[in-house]
Amino acid sequence: MPEFKVPLRDIKFLLHEALDFPGHYKTLGLPGADAVDRETIDTILDEMAKLAENVVAPLNRSGDEEGCHFKDGKVTTPKGFKEAYDQFVAGGWQGLSHPEEYGGQGMPMSMGLFKQEMLGGANWSFAMYPGLSIGAMNTLMLHATDEQKKTYLPPLTEGRWMGTMCLTEAQCGTDLGQMATSAVPQPDGSYKLTGSKIFISSGDNDLTENIVHIALARVPGAPKGTKGISLFIVPKYLPTEDLQVGAFNNVACSALEHKMGIRGSATCTIEFEGSTGFLLGPLNKGLECMFTFMNTARVGTAIQGVCHTEHSYQGALAYAKERRSMRALSGKKEPDQVADALIYHADVRRMLLTQKAIAEGGRYMLYSAAKLADKMTVCVLNKDEKGREHWDDKLGFFTPVLKGFLTEMGLECSNLGMQVFGGHGYIREHGMEQIVRDARIATLYEGTTGIQALDLLGRKVLLITKGAAVREFTAEILKFCARNARNARLRPYVWELSKLSAQWNYLSTRVMLTAAKDRDIVSAAAVDFLHYSGWVMMAYAWAQMAAVAVEKLEKGGLESPEFYEAKLQTADFYYAKLLPRAQAHATSMLAPTKSVMQMKNDHFSFL
Ligand SMILES: Cc1cc2nc3c(=O)[nH]c(=O)nc-3n(C[C@H](O)[C@H](O)[C@H](O)COP(=O)(O)OP(=O)(O)OC[C@H]3O[C@@H](n4cnc5c(N)ncnc54)[C@H](O)[C@@H]3O)c2cc1C
């Protein structure tokens, strides 16, 4: 397994130089956040990095080899997970970004994202346990009654209990309107839930003393489809008055999935057998409430794309410097050696630079979105509903692109890392194939790429904003272009971005006009639209990083000149070798739907 190092220099470059997080925290309006200066940020990052590298990363390979165990209805995690989790909890990491009144440290939400990236890069299977619990905590923060918050948030914040997301059933993952788990009202105001949920991450495990399921179910007589779904809190053990573990609540694990990757993460079938549940949020509004949970979870899954890209890149880069093969086409580079190192070959450099460009560009995109999440969270805490909606809408435009594009690229880049290793990449002992297997799930769960694409194009761009979401974002890009048009080093990026901004609006309008006559275009064009948007957003990210690098090279910064030069060279590579892919998506997106829809179902195969 390639040894994992947290890319602290890049993270600190983004936080302090490119995105000015200390300045952002000062003006955020979150009590205490104004004191989170550069020094505080660095201390927290350094401590997180130690935990990720020294405690969590060493369990990545062994967790994959061993997997989780299921015996007598109980799930146990791989050797060492429990001890590592206890250390994580003892450090107070679970409550890092949650309010002090529930036992947290009150840091901004974005700090939690940096934490998740470090843990996830080290060991995604491990990171999923506390990661999903954060989603449950966020849902409770937003929709729970004060009493529910007092009961569930302290032990979850402490990490003594864990939260899950219980949506999927055998007949439906995407189409939750088909969901059948029932919730029957009881005289005391609680509900009895009966039904079976599949694929529930962390559904059962031995890391915590209790598991709090945030579950979707249907009350008798509720409207059919998505309009009749409600959200419930269903603890595995009912809490006692003093927030200890009480009676067993008939929540059973009946199976553990055997799967391709993330084998250290327990994926469970969970049976509710007349289990007591407590309504969370308004009746029949469960799906709407769950959307908050889903957005956080989707950004959380987007991180996975960057984590696997980074991990695979670190392995591939080290190998490309050591392994020797033939001579570089431009002449011997290491004449004293039997052959030149792989890194001298242009095609290997293409693969490495693709990984580097995606890891660093994706990280910039995620951290920019984290600022929006911070602002949204402050509005939640201040009960400012209008403000919350405003920032949630802004974040909502990024979410499907981050989730869909970054996880697809994470998979491609994990594959590239394996490719750099040649045949050795396919052999288990190097650990590169594990990264590919672990990365594969990210484009499937929390809504497949296709569903993210429909959410972006169908809902956010066409239905809700009639193209305004793209217009607003491109207006911001154009302001950047205007500010930097005179800078000779940045001019090529500015020129390209200006053209893309116009094209992105044109494409949205063309799809919108076609959709008025042919609804299938939305589904046929969606994934192309998502990829196109991803390439443009990342181009903007690289242009902004390049602008910072140019300034720091002129005036001096926290990093060495070589670091800033490498940023500019990676931006050059991105614009020259990766961004042209956007044009293929633009062409494909506008192709009439006839070529997709004309074939009869019976003619797909003539076996
Ligand atoms: C390891 C793992 C962990 C998971 N963890 C959890 C968890 O913690 N909690 C939880 O609730 N669920 C979890 N899931 C479930 C996961 O979220 C679903 O599998 C996923 O949302 C897809 O649903 P599905 O499998 O039913 O696929 P389907 O909905 O059957 O989709 C099949 C294919 O059809 C496409 N499709 C479906 N509908 C449309 C449409 N209208 N238009 C165009 N294309 C469409 C999809 O994009 C996909 O390609 C997990 C799954 C796995 C494998």
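Residues numbered from 1 in each chain as written. Predicted model: local features only at pLDDT ≥ 70, side-chain atom pairs only at ≥ 80, totals over all residues. Heavy atoms only, no water.

> Could you clarify how one ought to interpret the overall build of the chain in this entry?
Along the chain, the regular secondary structure elements total 19 helices and 11 strands. At 24 Å, the chain has a C-alpha radius of gyration in line with the 25 Å of a compact globule built from 607 residues. Once the C-alpha set of the chain is aligned to its principal axes, its extents read approximately 80 × 65 × 60 Å. Out of the 607 residues belonging to the chain, those deemed buried represent 58%. (Helix = DSSP H or I, 4+ residues; strand = E, 2+ residues; numbered from the N terminus. Rg over C-alpha atoms; globule rule 2.2 N^0.38 Å. Buried < 20%, exposed > 50% of the residue type's maximum accessible area, 1.4 Å probe, protein only.)

> Would you mind showing me how to read the site of the ligand here?
The environment of the ligand is formed by 19 residues, the closest being Met-165, Thr-168, Thr-174, Phe-199 and Thr-448. Between the ligand and Met-165 there is a distance of 2.8 Å, counted from a nitrogen atom to a backbone nitrogen or oxygen. The separation between an oxygen atom of the ligand and a polar main-chain atom of Gly-173 is 3.0 Å. When contributions to the shell around the ligand are tallied by element, the ones reaching two or more residues are strand 5 (191–201) and helix 13 (449–464). In terms of residues, the shell around the ligand owes the most to one element, strand 5, which gives three residues. Within the shell around the ligand, the residues separate by chemical class into 10 nonpolar, seven polar and two charged. (Near = heavy atom within 4 Å. Polar contact = N/O pair within 3.5 Å; in protein donor to acceptor, adjacent residues only side chain to side chain. Nonpolar A, V, L, I, M, F, W, Y, C, P; charged D, E, K, R; others polar.)

> Quick question: what am I supposed to make of the packing of helix 16 (residues 520–555) against helix 18 (residues 581–590) here?
The axes of two packed helices give the description: the angle between them and the distance between them. The interhelical angle for the contact between helix 16 and helix 18, taken along N-to-C directions, is 165°, at an axis separation of 9 Å. As summarised for this structure, helix 16 and helix 18 are arranged roughly antiparallel, according to the angle between their axes. Read as a crossing pair, helix 16 and helix 18 show a hand that is left-handed. Contacts between helix 16 and helix 18 involve Ile-521, Ala-525, Asp-528, Phe-529, His-531, Tyr-532 and Trp-535 from the first element and Arg-581, Ala-582, His-585, Ala-586, Ser-588 and Met-589 from the second. (Axes fitted to C-alpha atoms, helices over the stretch in contact; angles between N-to-C directions. Parallel < 35°, antiparallel > 145°, perpendicular 65-115°, else oblique. Left-handed = near helix turned anticlockwise from the far one by under 90°. Contact = heavy atoms within 4.5 Å.)

> Which parts of the structure should I look at to understand the pairing of strand 5?
Two faces belong to every sheet, and in a regular strand the side chains alternate between them. Across four bridges, strand 4 (residues 182–185) lies against strand 5 in antiparallel orientation. In the strand pairing of strand 5, Ala-183 is matched with Leu-193. Counting the residues between successive antiparallel strands, the hairpin from strand 4 to strand 5 contains five residues, one of them, Gly-189, with a positive phi of roughly 95°. In this structure, strand 5 lies alongside strand 11 (residues 267–279), joined through nine bridges in antiparallel fashion. Paired with Tyr-191 across the bridge in strand 11 is Gly-277. (Pairing = 2+ DSSP bridges.)

> Help me out: how do you make sense of the state of the cysteines in this one?
Inspection of the entire model under this criterion finds zero disulfides. Take Cys-172: it sits in no disulfide, and the sulfur closest to it among the cysteines is that of Cys-166, at 13 Å. Left unpaired, Cys-253 is separated from the closest cysteine sulfur, that of Cys-268, by 4.1 Å. What makes Cys-253 buried here is its relative accessible area of 9%. (Disulfide = S-S within 2.5 Å.)

> Even after reading the chapter, I still don't get the nonpolar core, so can you show me in this structure?
Burial of nonpolar side chains together is a common tendency in soluble globular proteins. Core analysis: the biggest nonpolar cluster contains 174 residues, and Met-111, Tyr-367, Trp-504 and Tyr-574 have the highest contact counts within it. The dominant element in this core, judged by the number of residues it contributes, is helix 16, at 22 residues. Counting 17 residues, the second-largest nonpolar core is a separate cluster that includes Ala-316, Ala-320, Val-420 and Val-436. (Core = buried A, V, L, I, M, F, W, Y, C linked by side-chain atoms within 4.5 Å.)

> Looking at this structure, I do not really get the pairing of strand 6 (residues 210–217). What am I missing?
Taking burial as the measure, the eight residues of strand 6 include eight buried ones, the bulk of the element. Burial along strand 6 is two-sided: Asn-210, Val-212, Ile-214 and Leu-216 and Ile-211, His-213, Ala-215 and Ala-217, pointing in opposite directions, are all buried. With six bridges joining them, strand 3 (residues 161–166) and strand 6 adopt parallel strand pairing. Residue Met-162 lies in a different strand from strand 6, and its bridge partner there is Ile-211. In terms of strand pairing, strand 6 meets strand 7 (residues 230–235) through six bridges, oriented antiparallel. Paired with Ala-215 across the two strands is Phe-232, which belongs to strand 7.

Take it as geometry only, folks, not as evidence of what the structure does.
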